[in-house]
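Close look at the chain arrangement
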Amino acid sequence: MSRTPVLRAAVVGTGHRAQLFTRGLAERPGHLVAALCDPSPTRMAFHNRLLADAGRPAATAWEPDRFTDLLVKEDIDEVVVTTVDAEHDRYIVPALRAGCRVVTEKPMTVDAERCARILDTVRETGNSLTVAFNYRFNPVHETVRALLADGAIGEVLSVHFEWLLDVRHGADYFRRWHREKRHSGGLMVHKSSHHFDLVNWWLGDEPREAFGYGRLGFYGRAAGERHGLRRDYDRAHGAEPAADDPFALDLAANDTLRALYLDAEHDDGYLRDRNVFDGPITIEDDMSVLVRYARGATMTYHLTAYSPWEGYRVMFNGSAGRLELEVEESHWQPPLTRVTSTAGALHGDTAAEHAGGARLTLRPLWRPPVDVPIAVAHEAHGGGDPRMLDALFGPADPTRPADTAAAAHPTATERDGALALAVGLAANRSFETGRPVRTDELIAARKTA
């Protein structure tokens, strides 16, 4: 009797988000995490403990400078990239050239030059690159897409999309490497690429032009002093002024955060708990963007990173009515400085302490509004993470078929990654120049051959 071949995987970047993929691959008998790659031996050791907990063998540990050797010597079939965003192309390109299937966390990359390099490599090699846009797999978002595709509001003419990060979640981008645009592309790239991909996917359309304004108005030293919020410390650990600061993160109080970051500081010097009201911070915290699509629809988009509550509102105006979605991930945040999640999560992996509700309303012309039934999960990014893992790697239980709804639509390709990135890059350039920016000035997201 023949056996299903086991695919040998490498996980590159072993921080917080990589836990999803290490555990997900370990749960699937057709996959083996054969190698880990990270500057920190401490973080790789943490991920090997995850593998041991799942009853799987330890992966070999590799330094980033030896990544191409890793691919050959470990006979790697698939690579998962979860590094700092600006480093994605460093691993995507050689993995594609080595014939590996590649899955990368969003955003695909952070600038036009790196994006072109990735797109060119996909075209040259014909190999597969998938961008892990987990929000596509949220059942609520799939319901929205189905209603729009079925013509529930006719032709979509405009979209208004507001995303609010509360002061627990939003502040976390200003504590860590994301606070420098050269690493993350700013929130327009790192965070909003999720939302831009959703709108591209919901509309089945491509962005053509963006105009916007962005500023650092809440976080950072100047704003913190102006609003009376700044305390005098560089990083929270060991700092007396941070002890009761609601904007500080207590790494030592959480086993996972301590193991992944505090215990790993001697490896690479990375500080996970910087003061959000101190520098250097080169990203914005309040951004407003207008986007025009190829078929004429427009989107107004606003991202706030310092809100009292967390969630989003998206409204579609069409020739036959209007569709409105509101999701309240948390309706307020208490001033706690400790993270209780065993995954060290601050970013939607677990449900917020004060999770709220959700409502999807269809308002047709000349008829009463209809509340569309939806089931909302507040953990695992709205239920998207496990369904995305099924779509990427198959079901954890091979006797159980994968979620048919999740499998019904394709995962995001490198082209989808480029189109989502294009909106963020155009918005960033518009912040600088004060003029509308065409996406094709930055990225030519041509179809692969």
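Higher on the page you've got the structure.
Residues numbered from 1 in each chain as written. Predicted model: local features only at pLDDT ≥ 70, side-chain atom pairs only at ≥ 80, totals over all residues. Heavy atoms only, no water.

**Focus: the sheet that holds strand β2 (residues 31-37)**
Hydrogen bonds between backbone groups are what pair the strands of a sheet, and the pairing can be parallel or antiparallel. Across the sheet, which stays open at both edges, the seven strands sit in the order β3-β2-β1-β4-β5-β6-β15 with mixed pairing between neighbours. The outermost strands of the open sheet, each flanked by one partner alone, are β3 (60-62) and β15 (412-413). (Pairing = 2+ DSSP bridges. Helix = DSSP H or I, 4+ residues; strand = E, 2+ residues; numbered from the N terminus.)

**Here's the deal with unusual backbone geometry**
A cis amide bond links Lys106 with the next residue in sequence, Pro107, at an omega value of -15°. By the element assignment, Pro107 lies in the loop between β5 (101-105) and α5 (112-125). Going from Gly279 to Pro280, the amide bond is cis rather than trans, its omega being -5°. Tracing the sequence through the fold places Pro280 in the loop between α13 (265-268) and β9 (286-293). Unusually for a residue other than glycine, Asp75 sits at a positive phi of about 55°. Along the chain, the position of Asp75 falls in the loop between α3 (67-73) and β4 (78-81). In this model, Trp366 sits at a positive phi of 65°, which is unusual for a non-glycine residue. Along the chain, Trp366 falls in the loop between β13 (358-364) and β14 (370-371). The exposure class assigned to Trp366 is exposed, which follows from its relative accessible area of 85%. (Buried < 20%, exposed > 50% of the residue type's maximum accessible area, 1.4 Å probe, protein only.)

**Points about the packing of aromatic side chains**
Describing an aromatic ring pair means giving the distance of the ring centres and the angle of the ring planes. This structure, assessed with the given rule, holds 17 aromatic pairs. Note on Phe67 and Tyr91: the rings are 5.0 Å apart at their centroids and 90° apart in plane angle, and the pair reads as edge-to-face. Of the two residues, Phe67 sits in helix α3 while Tyr91 sits in helix α4 (residues 88-97), which places them 24 residues apart along the sequence. Both residues of the pair, Phe67 and Tyr91, count as buried. Here the aromatic residues Tyr135, Phe161, Trp163, Phe196, Trp202, Tyr301, Tyr312 and Phe316 are joined through ring pairs into a cluster of three or more. Above the plane of the ring of Tyr261 lies Arg272, whose end atom (NZ or CZ) is 5.5 Å from the centre. (Phe/Tyr/Trp six-rings, centres within 6.5 Å; stacked < 30°, edge-to-face > 60°. Lys NZ or Arg CZ within 6 Å of the ring centre and 35° of its normal.)

None of this, on its own, says anything about what the molecule does.
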